[in-house]
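Listed below, chain by chain, are the residues.
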Amino acid sequence: MRDDLDEERGRAGDLADEAPAATGPMGLPEVATQTMTQRQLAWRRFKRHKLAIVCAGILVVITLATILAGVISPFGFAQLNLDALTQSPNLPHLMGTDTLGRDEFTRVLYGGRISLLVGITVAVSAGVIGTVVGALAGYYGRWIDNLLMRMTDLFLAIPFLVTLVIASIALRGAVPTPWDIVIVLTLFFWMPEARIVRGLFLSLKEKEFVEAARSLGASNRRIIFRHILPNAMGPIIVGVTLAVAAAILTESALSFLGFGVQPPTPTWGNMLSEARNQITAAPWLLWFPGLMILVTSLCVNFLGDGLRDALDPHQRLEANV
Amino acid sequence: MWRYVVRRVLFSIPVLLISSVLVFVVIKATTDPVAAVSLSPRFRPEDLVQLRIDLGLDRPPVVQYLSWLGDFVQGDWGNSIITNRPVYPDMMEALGNTILLGLAGVGVSLLIGVGVGIYSALRQYSFFDYLATGAAFLGLSMPTFWFALMLQLILGVYLTRWFGLTKPIFYTTGMSTPGVEGFDIVDRLQHITLPTIVLAVQIIAVYSRYMRASMLEVLQSDFLRTARAKGVRERRVLVRHGMRNALIPLTTQVALDVGSIAGGLIITETIFSWPGMGRLFISAIDLGDYTVVLPWVMVTVTFVILFNLVADIMYAALDPRIRYA
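Residues numbered from 1 in each chain as written. Chains lettered and ligands numbered in written order. Predicted model: local features only at pLDDT ≥ 70, side-chain atom pairs only at ≥ 80, totals over all residues.

A.B. asks: Tell me what's going on with the overall build of chain A, and back it up with residues and numbers.
C.D. replies: Assigned secondary structure in chain A consists of 13 helices and 0 strands. Beginning at the N terminus, the succession of helices and strands in chain A can be written as α-α-α-α-α-α-α-α-α-α-α-α-α. Buried residues in chain A amount to 41% of all 321 residues. Counted over contacts in chain A with a minimum sequence separation of 6, partners at least 24 positions apart contribute 68%. (Helix = DSSP H or I, 4+ residues; strand = E, 2+ residues; numbered from the N terminus. Buried ≥ 20, exposed ≤ 12 C-beta atoms within 10 Å, placed from the backbone. Contact = placed C-beta atoms within 7 Å.)

Laid out in structure tokens, this is it:
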């Protein structure tokens with residue numbers, strides 16, 4: 001564990017060096033006690049995490065590339081080319097073509113759209129549900145806590161992929177759209193967040209500032225939203241970020257098993273599922289979508305780690321990688 | 001201690017019952033066993049009605065549940081609607097294969113993960129520590145199925161090709177070579193290696209981080225300083241006083257992981273055609289063999305609840321401080 005205290009001190013030193021040598025009213029050099037908001041402090045801590053910055057950059061590039069897929073690539077994702085079947089990577093086809101002559105690079109870009117969209121939407125909506133459940137359980141305690149937490153345990157007990165598969169059977173008949181996948185994934189993604197938020201609320205509600213607010217006559221609603229929630233925001237954001245990586249991995253796994261978004265709409269998962277049949281004939285079809293998933297989830301995880309350092313310095317438990 | 005164990009065991013009975021109700025309701029609501037055969041031209045509408053009656057689907061839900069629960073507990077799990085084979089023996093065989101693979105994965109991960117974690121903690125912020133941290137991030141971010149396919153490609157296909165072998169060193173599908181009679185340890189190892197690596201990569205990442213964190217905590221503890229002050233040799237301090245205590249949090253995690261094995265290896269088993277629970281489930285879903293799905297989910301849920309119990313009891317037994325929490 002790094003000594004955060006030392007770093008805090010070191011930072012105060014930096015600050016003094018950087019601050020313009022202003023002079024106070026007595027002509028004495030004013031000691032830099034420029035106050036910084038929490039946000040500025042967090043940004044400072046985040047900036048030191050070089051790897052997280054690099055990863056944030058990579059994620060921005062990937063996201064922009066998938067959004068601008070139509071501009072970047074001259075091909076369509078379902079555009080067949082019978083003159084270029086199963087080509088290994090070459091000049092017009094940067095990542096080669098598949099057995100139908102579709103350009104792999106284009107498909108990777110369009111596939112990324114779905115994967116990223118699903119990942120982010122699931123993480124955010126699951127974060128909201130988890131926060132609500134955790135806040136209610138942690139703040140009100142007693143039977144509400146018992147009920148909600150037993151429900152959370154139950155959701156955690158059922159093997160994850162199984163529920164997803166069963167849910168997608170329930171949706172069968174209709175081909176699942178990306179939104180169906182989002183709903184199904186969200187239903188089984190809120191539990192870790194609920195536990196984190198419950199723990200935070202349990203400890204925060206005993207703090208003096210909450211007692212002070214209550215003695216001033218603040219309502220429960222005000223205490224929850226104005227006093228406790230802002231203090232719990234750091235870990236919540238970190239949790240949501242890390243959930244993005246998990247959601248992307250799960251979506252691709254589900255698509256890979258054939259229960260996710262269906263072809264011809266490409267996602268990284270179902271592209272790998274198709275590539276599996278040409279594992280020896282066209283290994284490049286296997287390389288690129290997989291590498292994209294790996295790079296994206298790796299970057300999201302590093303970003304989450306950086307955010308944890310920045311937003312949640314007390315909580316830096318090394319067990320939660 | 002015993003009071004705690006008894007209370008904890010008794011408490012898990014209603015949890016199991018409630019789970020069984022929920023599993024029953026959800027599976028009944030989402031799947032229709034007769035649907036799979038209703039498209040077959042060999043079945044007349046009268047046959048379908050008869051099939052419903054044979055399966056007891058015309059009875060009220062509560063009666064269905066109770067009779068199902070009674071049969072389930074006694075090991076009468078009905079027949080597969082596709083193959084008409086009894087479900088129980090097939091599923092037990094699949095469960096055995098899955099547990100074999102799962103324990104291999106967890107076992108290998110424990111050996112490597114604990115070693116890496118302890119070494120990282122002892123040499124905190126060394127090159128090795130950073131390497132291990134990076135590797136753990138990589139392992140956690142790795143899409144399992146992609147990693148499995150790459151292993152098949154590189155260790156299964158390319159390796160054989162590069163060395164011009166007639167037989168592969170590592171097999172990419174199944175549990176044993178067709179034609180191999182009985183139990184052949186070499187053949188089994190050739191088959192189990194790749195899926196074990198796939199499982200281990202993720203678990204090692206988690207275990208090594210866990211172990212590093214708890215070892216770091218123990219290294220700063222007073223009892224370790226006391227041991228050193230008493231003149232205990234450093235090696236003994238680290239192993240007997242340090243490692244043994246640092247292992248406590250990990251045991252809980254291991255117990256939970258073992259519990260999730262039964263239903264948790266779907267992807268690995270599908271890719272390596274390992275004849276276990278995961279493959280049984282996916283093939284049942286693909287064929288619409290829903291009479292298999294209900295006992296399947298029940299078995300996997302029972303496993304999770306059972307090993308939750310084991311984890312709690314082990315934790316209490318190993319660390320007396322948190323027994324009555």
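A.B. asks: Requested: an account of the interface of chain A and chain B, with residues and values cited.
C.D. replies: Facing 34 residues of chain A, the contacting portion of chain B comprises 38 residues. Going through the elements one at a time, α6 (142–157), α7 (160–170), α11 (220–257) and α13 (284–311) of chain A are the ones with two or more residues in the side of chain A that touches chain B.

A.B. asks: Explain the packing of α11(A) against helix α12 (residues 268–275) of chain A residue by residue, including any values.
C.D. replies: The description of two packed helices rests on the angle between their axes and on the distance between the axes. Residue and element names in this part refer to chain A. Where α11 contacts α12, the two axes come as close as 7 Å, and the packing angle between them is 35°. In this structure, α11 meets α12 at a crossing whose hand is right-handed. Across the interface between the two elements, Glu251, Ser252, Ala253, Leu254, Ser255 and Phe256 from α11 touch Trp268, Gly269, Asn270, Leu272 and Ser273 from α12. A breakdown of the residues in the contact of α11 with α12 according to their chemical character gives 5 nonpolar, 5 polar and 1 charged. (Axes fitted to C-alpha atoms, helices over the stretch in contact; angles between N-to-C directions. Left-handed = near helix turned anticlockwise from the far one by under 90°. Nonpolar A, V, L, I, M, F, W, Y, C, P; charged D, E, K, R; others polar.)

A.B. asks: Give a detailed account of unusual backbone geometry, specifying residues and quantitative values.
C.D. replies: Residues and elements named next belong to chain B. Even without being a glycine, Asn84 presents a positive backbone phi close to 65°. By the secondary structure assignment, Asn84 is in the loop between α4 (61–73) and α5 (87–122). For Asn84, a count of 8 C-beta atoms within 10 Å corresponds to the exposed category. Even without being a glycine, Tyr125 presents a positive backbone phi close to 65°. Checked against the element boundaries, Tyr125 lands in the loop between α5 and α6 (127–141). For Tyr125, a count of 10 C-beta atoms within 10 Å translates into the label exposed.

A.B. asks: Which residues make up the nonpolar core, and what values go with them?
C.D. replies: Looking at soluble globular proteins, one finds that nonpolar side chains tend to be buried together. Ranked by size, the top nonpolar core spans 134 residues in total, and within it Ala243(A), Ala247(A), Leu272(A), Phe145(B) and Trp296(B) carry the most contacts. When residues in this core are grouped by element, the largest group, 18 residues, is from α11(A). In this view, Leu272(A) contacts Phe256(A), Leu286(A), Pro289(A), Gly290(A), Phe145(B), Trp146(B) and Leu149(B); residues no more than four positions away in its chain are not counted. (Core = buried A, V, L, I, M, F, W, Y, C linked by C-beta atoms within 7 Å.)

A.B. asks: Any chance you could break down helix α1 (residues 2–30) of chain B for me, citing the residues and the numbers?
C.D. replies: For α1(B), spanning 29 residues, the distance from its first C-alpha to its last is 42 Å, which sits close to the expected 42 Å at 1.5 Å a residue. When α1(B) is considered as a whole, its buried residues turn out to be Ser19(B), Ser20(B) and Val23(B). In this structure, the buried side of α1(B) is in contact with α6 of chain A together with α4 and α13 (290–318) of chain B. (Expected span 1.5 Å × (residues − 1).)

A.B. asks: Give me the lowdown on helix α7 (residues 144–162) of chain B, citing residues and values where you can.
C.D. replies: Helix length check: α7(B), at 19 residues, gives a terminal C-alpha distance of 25 Å against a target of 27 Å (1.5 Å per residue), a fit within 8%. All of the buried residues in α7(B) are Thr144(B), Phe145(B), Trp146(B), Ala148(B), Leu149(B), Met150(B), Leu151(B), Gln152(B) and Gly156(B). In this structure, the buried residues of α7(B) make contact with α11, α12 and α13 of chain A together with α8 (185–219) and α11 (266–272) of chain B. Positive backbone phi, approximately 60°, marks Gly164(B), located one or two places after α7(B).

Functional significance is not addressed by these values, which are geometric in nature.
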